[in-house]
Amino acid sequence: MSARLLALIPVAVAISLALSAAVDAVALPLFLDTTGTILATALAGPVVGIAVGALTSAVNTLRNPTFWPFVVVQVIVALYAGFAARAALFRSLKTAVPAGLGLGVIASLTSTPISYFVFGCTTTGGIALTTALGKALGLPPLGACFFGSFVSDFGDKAVTFALVASVLHALPRRTAARFPLALRAIGAA
Amino acid sequence: MRALHPFTLLAVAAALPALAWILPAPAGGLATAGIAFCLLGSRGLRRGLWPALVAAAPFWLFLLLLHDVRTTLAIGLRISTMVASFVWLAAVLAPDRLVEATVARGWSITAAYLFAATLSAVPMLRARARRIVEAQRCRGLSPRGSVANRLRALRALALPLVLSALHEVDERTLALEARGLVPGARRTPLAPPPDRVVERVVRWGLLLLCLAALVRRVA
């Protein structure tokens, strides 16, 4: 791994964790905690993305221990973002947002078993409340848990993909060209 | 406690939640939670017990909302063990000692750099994010109103943060190359933490205990 990619990893992790300040300011029910993983993958490929995802989970675990089991979701996100970058799905918001919605479905399918079996669907207040809503609607326990994860992940991943696409397009071409996958991700190579 | 080898601290913090999940509920969870909270108690009420209790309380509330008392007790004790163990670990584990320990063990300097650089980059970028939020508000950005308006505000807040962070990658790359930090390079630790025989025995003992509990549970 080159020094540039090595320097990118801690910065991408910090981006994921620092964006919570921006989310708090606009008071939207979003996490954006996979932004660094998706961005690093779009710039440098899934191996760097997986490293960013694993490190994000490790650092988050020191703040909130419930994050660690979800490291699997970060790996899935990196692999999916790698596919999206190779398919140039970050070339416009029209392609990035549907790709993000697809990731929302996959991420909620991946996180549901972890959330259900390890935490009884209580990972965050929002997920617990939407799970309770799902139960009230008559869904079975696992279905209600998926409903809770889906509601929180679906929009979050679409916004994250849109944000990463905006960042990639705002990057000067000379800077983007220094990363192996950036130009291909936006359909410029 | 801080004088213990970082690998011993990691082993204890990993073994307690593992045992909480492996041992039969609720007795297993009660025992591991008891040990974890006793360890935290050694850090005092304000720095040890209080943050763990605050972190674990919402889980109990949501578990009661979603499950019966028996399930709440089983999962709640496991989550409380996990929370208490990691709050204790965060309080007693010094990142610089962990880096020294990994370097002394011959691990790649890359892993040590990634861990240390991330821990230092996170508070720096968080502070920058707060400054950007304040600066954009001074320029008249309104983060309230419709969802579309809030999403536009989010873009205006997030984009400068991410772009400035990516420009920083160039500076960090030059610094790394100038210091000869390339993959495969080996460093000599300045002050490696002492790794006593008794601590190595404890670590292996914890691993064997987890394996034995797992085998017994599966059998």
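Position labels on residues start from 1 in each chain and follow its written sequence. As they are written, the chains are lettered A onward and the ligands numbered 1 onward, keeping that order. Confidence filtering applies because this is a predicted model: local features only for residues at pLDDT of at least 70, side-chain atom pairs given and counted only at 80 or more, and all residues used for totals across whole chains, interfaces and linings.

Peer 1: Whenever I open this one, the overall build of chain B confuses me. Can you help?
Peer 2: Comment: elements are numbered from the N terminus, with helices defined as DSSP H or I runs of at least four residues and strands as E runs of at least two. Secondary structure assignment for chain B yields 8 helices and 0 strands. Helices (α) and strands (β) of chain B occur, in sequence order from the N terminus, as α-α-α-α-α-α-α-α. Since a compact globule built from 219 residues should have a radius of gyration of about 17 Å, the 22 Å found for chain B marks it as more spread out than a globular shape. The principal-axis extents of the C-alpha atoms in chain B amount to approximately 60 × 55 × 35 Å. Any residue with 12 or fewer other C-beta atoms within 10 Å of its own C-beta is exposed, any with 20 or more is buried, and the rest are partly exposed; the C-beta atoms used are placed from the backbone. The buried share of chain B, reckoned over its 219 residues, is 36%. Whether two residues are in contact depends on their C-beta atoms, placed from the backbone: they are in contact if these lie within 7 Å. For chain B, the share of sequence-separated contacts (at least 6 apart) that also reach a separation of at least 24 residues comes to 74%. Radius of gyration here is computed from C-alpha atoms only, and the compact-globule reference equals 2.2 Å multiplied by the residue count raised to the power 0.38.

Peer 1: Can you help me understand unusual backbone geometry in this one?
Peer 2: Backbone phi values are negative for most residues with the exception of glycine, while trans is the configuration of most peptide bonds. Cis geometry is adopted by the peptide bond preceding Pro26 of chain B, which originates at Ala25 of chain B and carries an omega value of 0 degrees. Along the polypeptide, Pro26 of chain B turns up in the loop between helix 1 (6-22) and helix 2 (27-41). Even without being a glycine, Leu32 of chain A presents a positive backbone phi close to 55 degrees. Within the secondary structure, Leu32 of chain A sits in the loop between helix 2 (20-26) and helix 3 (35-44).

Peer 1: When you look at the interface of chain B and chain A in this model, what are you seeing that I'm missing?
Peer 2: Interface size is commonly expressed as the accessible surface area that is lost when the partners come together. Contacts between chain B and chain A engage 50 residues on the former and 42 residues on the latter. If you list the elements that add at least two residues to the side of chain B that touches chain A, you get helix 3 (45-66), helix 4 (69-92), helix 6 (109-138) and helix 7 (147-178) of chain B. The element best represented in the side of chain B that touches chain A is helix 7 of chain B, accounting for 19 residues. Class assignment for the residues of the side of chain B that touches chain A results in 38 nonpolar, 5 polar and 7 charged. Classification convention: Asp, Glu, Lys, Arg as charged; Ala, Val, Leu, Ile, Met, Phe, Trp, Tyr, Cys, Pro as nonpolar; all other residues, Gly among them, as polar.

Peer 1: Is there a simple way to explain helix 8 (residues 141-170) of chain A in this structure?
Peer 2: Residues spaced three or four apart along an α-helix point in a common direction, a consequence of the helix completing one turn every 3.6 residues. All names here are of chain A. Multiplying 1.5 Å by the helix residue count minus one yields the expected span of that helix. Across its 30 residues, helix 8 extends 44 Å between first and last C-alpha, which sits within 8% of the 44 Å expected from 1.5 Å per residue. The quantity called bend is, for any residue, the angle between two axes fitted respectively to the seven residues ending at it and the seven beginning at it. Along helix 8, the sharpest kink reaches roughly 25 degrees, centred on Phe150. For helix 8, the tally of buried residues reaches 21 of 30 residues, placing the bulk of the element in the interior.

Peer 1: What is the right way to look at the confidence of the model for chain B in this model?
Peer 2: Where the model shows low pLDDT, its predicted coordinates should not be examined in detail. With 98% of its residues at a pLDDT of 70 or more, chain B shows a mean pLDDT of 87. The least confident element of chain B is helix 3 of chain B, whose mean pLDDT is 83; the most confident is helix 8 (residues 197-218) of chain B, at 94. Across the chain, each position has a pLDDT score giving the predictor's confidence in that residue, from 0 to 100.

Peer 1: How should the domain arrangement of chain B be read in this particular structure?
Peer 2: Each domain's limits were defined by an automated method or a database of domain assignments. Considered domain by domain, chain B is made up of domain 1 (6-94 + 197-218) and domain 2 (107-178). Placing a centre on the C-alpha atoms of domain 1 of chain B and another on those of domain 2 of chain B gives a separation of 34 Å.

Peer 1: I'm lost on the packing of helix 1 (residues 3-18) of chain A against helix 4 (residues 46-63) of chain A in this one. Help?
Peer 2: Each pair of packed helices can be described by the angle between their axes along with the distance between the axes. All names here are of chain A. A fitted line through C-alpha atoms represents every axis, and for helices the fit uses only the stretch in contact; the resulting angles, taken between N-to-C directions, go from 0 to 180 degrees. Across the interface, helix 1 lies against helix 4 with an axial gap of 9 Å and an inter-helix angle of 45 degrees. Viewed along their axes, helix 1 and helix 4 adopt a mutual orientation that is oblique. Between helix 1 and helix 4 lies a crossing of right-handed hand. Contact residues: Leu5, Leu8, Ile9, Ala12, Val13, Ser16 and Leu17 in helix 1; Val48, Ala51, Val52, Leu55, Thr56, Val59 and Asn60 in helix 4. Every angle not falling under 35 degrees, over 145, or within 65 to 115 is termed oblique; those three ranges are roughly parallel, roughly antiparallel and roughly perpendicular. Crossing handedness follows the turn of the near helix against the far one: under a right angle anticlockwise gives a left-handed crossing, and clockwise gives a right-handed one.

Peer 1: Would you mind showing me how to read helix 3 of chain A here?
Peer 2: Residues and elements named next belong to chain A. Most of helix 3 sits inside the fold, with 10 of its 10 residues counted as buried. What helix 3 keeps buried is the set Thr35, Gly36, Thr37, Ile38, Leu39, Ala40, Thr41, Ala42, Leu43 and Ala44. Those residues of helix 3 that are buried are in contact with helix 1, helix 4, helix 5 (71-86), helix 8 and helix 10 (182-185). Just past helix 3, the residue Gly45 takes up positive phi, approximately 100 degrees.

Peer 1: Before we go on, may I ask you to explain the nonpolar core in this structure?
Peer 2: The tendency in soluble globular proteins is for nonpolar side chains to be buried as a group. Judged by nonpolar contacts, the single largest core of 86 residues is most densely connected at Leu8, Ile9, Ala22, Ala42, Phe90 and Leu168 of chain A. Sort the elements by how many residues they give to this core and helix 1 of chain A lands first, with 13 residues. Those residues in contact with Ala22 of chain A that sit more than four places away from it in its chain are Ala129, Val133, Leu154, Leu157, Ala158 and Leu161 of chain B. The term nonpolar core refers to a group of buried residues, namely Ala, Val, Leu, Ile, Met, Phe, Trp, Tyr and Cys, whose C-beta atoms join them within 7 Å. Ranked by size, the runner-up nonpolar core spans 48 residues in total, among them Phe119 and Phe147 of chain A together with Trp21 and Leu63 of chain B.

Peer 1: Looking at this structure, I do not really get the environment of Val162 of chain B. What am I missing?
Peer 2: In this structure, Val162 of chain B sits in helix 7. Taking the C-alpha atoms as reference points, Val162 of chain B and Ala129 of chain B, separated by 33 residues in sequence, lie 9.3 Å from one another. Once residues within four sequence positions are removed from consideration, Val162 of chain B is found in contact with Ile15 and Val167 of chain A.

Peer 1: Before we go on, may I ask you to explain the packing of helix 1 of chain A against helix 3 of chain A in this structure?
Peer 2: All names here are of chain A. Taken N-terminus to C-terminus, the directions of helix 1 and helix 3 make an angle of 150 degrees; their axes are 7 Å apart at the nearest point. The orientation of helix 1 relative to helix 3 falls into the category roughly antiparallel. The crossing of helix 1 and helix 3 is right-handed. Of the residues in helix 3, those touching helix 1 at Leu5, Leu8, Ile9, Ala12, Val13, Ile15 and Ser16 are Thr35, Gly36, Thr37, Leu39, Ala40, Leu43 and Ala44. For the contact of helix 1 with helix 3, the class distribution of residues is 10 nonpolar, 4 polar and no charged.

Peer 1: Just to check I follow, could you spell out the environment of Pro172 of chain A for this structure?
Peer 2: With respect to the secondary-structure elements, Pro172 of chain A resides in the loop between helix 8 and helix 9 (173-176). As a C-alpha pair, Pro172 of chain A and Thr95 of chain A span 77 residues in sequence and 21 Å in three-dimensional space.

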